[in-house]
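Per-entry structural report
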Amino acid sequence: MKADNNKHTTGALQWTSLSRYRSELMGLAMLFILLFHVGGRHNETLAYCLSRCGNVGVDIFLFVSGIGLWFAWSKGTTLKQFYWRRYIRVYPAWLVIACLYFIPLYINDKADLTDTILNIIYYHGFWTIYNELHFWYIPAIMTLYTVAPAYMTLLSRSRSWCWLPVVFMLFCIAMRYDQTLWTSLRHIEIFISRIPIFLIGINVGQWVRERREASRDAWVVAALSLALSAYVCLLFEGGLRGRFPLFLERMAYIPLSISLSLLACRMFAYFPQLLLRSLAFIGTISLEFYLIHVEFVMKQLKPFSLGYWLTALLTLLITLPLAWLLHKVLEKGVRR
């Protein structure tokens, strides 16, 4: 640990910090997502714009997840072991929450039996219905886990494949303006436009694994990237909502999530241990937190009109023990 601290004092950009503070980053990303989901009255205040930009937490999750997948793949794990470790972390939690959410809808005659079963198995609604986004991240990340070994195999053979994220960025543009593609894929645009940051995370995983460093000047580039991408997002949210294709903002999320992750890790080195442990705790149960906080907590608080910050605080305080309990039950009863 002492050696790591000395490295921080050199001022160089440390890619390894993305691995060192992985849990803390995921905890921070979950807080961003919480603030985004609380929402509020549409206006052009800075607070509203910042809360809307909290959506970048999803991109931080995918970026960090990609890094972790490259680490796991580089250890020479078998394909069976790779899939098992990914799915056993996500799918049991999803089945519990999916049953708690979709079965009551069926009982109350608000859903078809076949749709209910398919939604519980793999969230059929997200893949077929426009704006069906209650738990969209789960089928998205499961799909990315499924195809990741193919990309990592290509990357292991030739680093030329690291340009594939750029291809997907171009595809996002084509999808939005090609009418046939848009008609066919618009309902999963929120997923397709997040593929580049996930693949970039896998690319960066090699730099993290090799413990690469960049000079101090790299921080200047990271700061400029953070400032400009944040400014673009604030412009979009400060009065242009509904007047631009959403994929444009998600393209701005790519440099925003990377630069924000790097600079956050730099700041984490100076955070009190209590704060770091708190963020790491949230990061550890972030999956369960995501599944619970909107449909089972936040929507129950909204009718009381408690205001933005009180709603956010109560959602956090109520969701944390529920998410921790679900995490522990699954950890002892299923994953182990």
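So, here's what we can say about the structure.

Criteria and cut-off values
Residues numbered from 1 in each chain as written. Predicted model: local features only at pLDDT ≥ 70, side-chain atom pairs only at ≥ 80, totals over all residues. Heavy atoms only, no water. Helix = DSSP H or I, 4+ residues; strand = E, 2+ residues; numbered from the N terminus. Rg over C-alpha atoms; globule rule 2.2 N^0.38 Å. Buried < 20%, exposed > 50% of the residue type's maximum accessible area, 1.4 Å probe, protein only. Contact = heavy atoms within 4.5 Å. Expected span 1.5 Å × (residues − 1). Arc of directions from axis to C-beta. Salt bridge = Lys/Arg side-chain N within 4 Å of Asp/Glu carboxyl O. Disulfide = S-S within 2.5 Å. Phe/Tyr/Trp six-rings, centres within 6.5 Å; stacked < 30°, edge-to-face > 60°. Polar contact = N/O pair within 3.5 Å; in protein donor to acceptor, adjacent residues only side chain to side chain. Patch = residues over 30% accessible without salt bridge, like charges linked within 9 Å, V, L, I, M, F, W, Y side chains within 5 Å. Areas by Shrake-Rupley, 256 points an atom, 1.4 Å probe, with all protein chains shown as cover. Axes fitted to C-alpha atoms, helices over the stretch in contact; angles between N-to-C directions. Parallel < 35°, antiparallel > 145°, perpendicular 65-115°, else oblique. Nonpolar A, V, L, I, M, F, W, Y, C, P; charged D, E, K, R; others polar.

**Some details on the overall build of the protein**
Within the protein one finds 18 helices and two strands. Computed over its C-alpha atoms, the radius of gyration of the protein comes to 20 Å, within 12% of the 20 Å expected for a compact globule of 336 residues. When the backbone C-alpha atoms are referred to their principal axes, the protein occupies close to 60 × 50 × 50 Å. Per-residue burial over the protein gives 49% buried out of 336 residues. Looking at the protein alone, contacts between residues at least 24 apart form 79% of all its contacts between residues at least 6 apart.

**Some remarks on helix 16 (residues 273-284)**
The end-to-end C-alpha distance of helix 16 is 16 Å, a good match for the 16 Å that twelve residues give at a rise of 1.5 Å each. Among all positions in helix 16, only Leu 276, Leu 279, Ala 280, Ile 282 and Gly 283 are buried. Looking down the long axis of helix 16, one finds its buried residues gathered within 160 degrees of arc, a one-sided arrangement. Residues of helix 16 that are exposed and point more than 90 degrees away from the buried face comprise Gln 273, Leu 274 and Arg 277.

**Some remarks on the pattern of salt bridges**
In this structure the tally under the stated criterion is six salt bridges. The residue Glu 189 makes a salt bridge to Arg 250 at a minimum N-O spacing of 2.4 Å. In this pair, Glu 189 is assigned in helix 12 (residues 189-192) and Arg 250 in helix 15 (residues 246-268), connecting sequence segments 61 residues apart. Assessed through its relative accessible area of 7%, Arg 250 is described here as buried.

**Side note on unusual backbone geometry**
The phi angle at Arg 211 is positive, at roughly 55 degrees, despite the residue not being glycine. Relative to the helices and strands, Arg 211 is located in the loop between helix 13 (195-209) and strand 2 (213-214). Since its relative accessible area comes to 41%, Arg 211 is described here as partly exposed.

**A word on the state of the cysteines**
What the rule picks out here adds up to zero disulfides. Of all cysteine sulfurs in the structure, the one in Cys 172 sits closest to Cys 162, which takes part in no disulfide; the separation is 18 Å. The class for Cys 162 is partly exposed, based on a relative accessible area of 25%. Left without a disulfide partner, Cys 265 is nearest to the cysteine sulfur of Cys 233, which lies 19 Å away. By relative accessible area, Cys 265 is classed as buried at 0%.

**Digging into the packing of aromatic side chains**
Counted under the stated rule, the structure contains 23 aromatic pairs. Their ring planes at 85 degrees and their centres at 4.9 Å tell us that Tyr 101 and Phe 102 sit as a pair that is edge-to-face. Judged by centre distance (6.4 Å) and plane angle (80 degrees), the ring pair of Tyr 177 and Phe 247 falls under edge-to-face. One end of the pair, Tyr 177, is in helix 10 (residues 164-177); the other, Phe 247, is in helix 15, with 70 residues separating them in the sequence. On the basis of relative accessible area, Tyr 177 is assigned to the exposed category, the value being 56%. The structure contains a cluster of three or more aromatic residues connected by ring pairs, namely Phe 61, Trp 94, Tyr 101, Phe 102, Tyr 123, Phe 126, Trp 127, Phe 135, Trp 136, Tyr 137, Phe 191 and Tyr 290.

**Here's the deal with the side chain of Thr 311**
Among the secondary structure elements, Thr 311 is positioned in helix 18 (residues 308-335). Within the structure, Thr 311 has its side chain in polar contact with the backbone oxygen of Gly 307 (distance 2.6 Å). Sequence-distant contacts of Thr 311, that is, excluding residues within four places in its chain, are made with Val 38, Met 298, Leu 301, Lys 302 and Leu 306.

**What to know about a nonpolar patch on the surface**
A grouping of Ile 103, Tyr 106, Ile 107, Leu 113, Ile 117, Ile 121 and Tyr 122 is seen on the molecular surface, where their side chains present a nonpolar patch of about 620 Å² in accessible area. Of all elements in the fold, only helix 6 (79-107) and helix 7 (113-122) reach the threshold of two or more residues within the nonpolar patch. At four residues, the largest contribution of residues to the nonpolar patch is made by helix 7. With respect to the secondary-structure elements, Ile 107 resides in helix 6.

**Examining the side chain of Gln 206**
By secondary structure assignment, the location of Gln 206 is in helix 13. Beyond its immediate sequence surroundings of up to four residues, Gln 206 is in contact with Trp 70 and Arg 159.

**Focus on the packing of helix 3 (residues 22-38) against helix 16**
Packing of helix 3 against helix 16 brings their axes to within 6 Å, and their N-to-C directions diverge by 75 degrees. On the basis of the axis angle, helix 3 is roughly perpendicular to helix 16. Contacts between helix 3 and helix 16 involve Ser 23, Glu 24, Met 26, Gly 27, Leu 28, Met 30 and Leu 31 from the former and Leu 276, Leu 279, Ala 280, Ile 282, Gly 283 and Thr 284 from the latter. For the contact of helix 3 with helix 16, the per-class residue count stands at eight nonpolar, four polar and one charged.

Worth remembering: the numbers are spatial, not functional.
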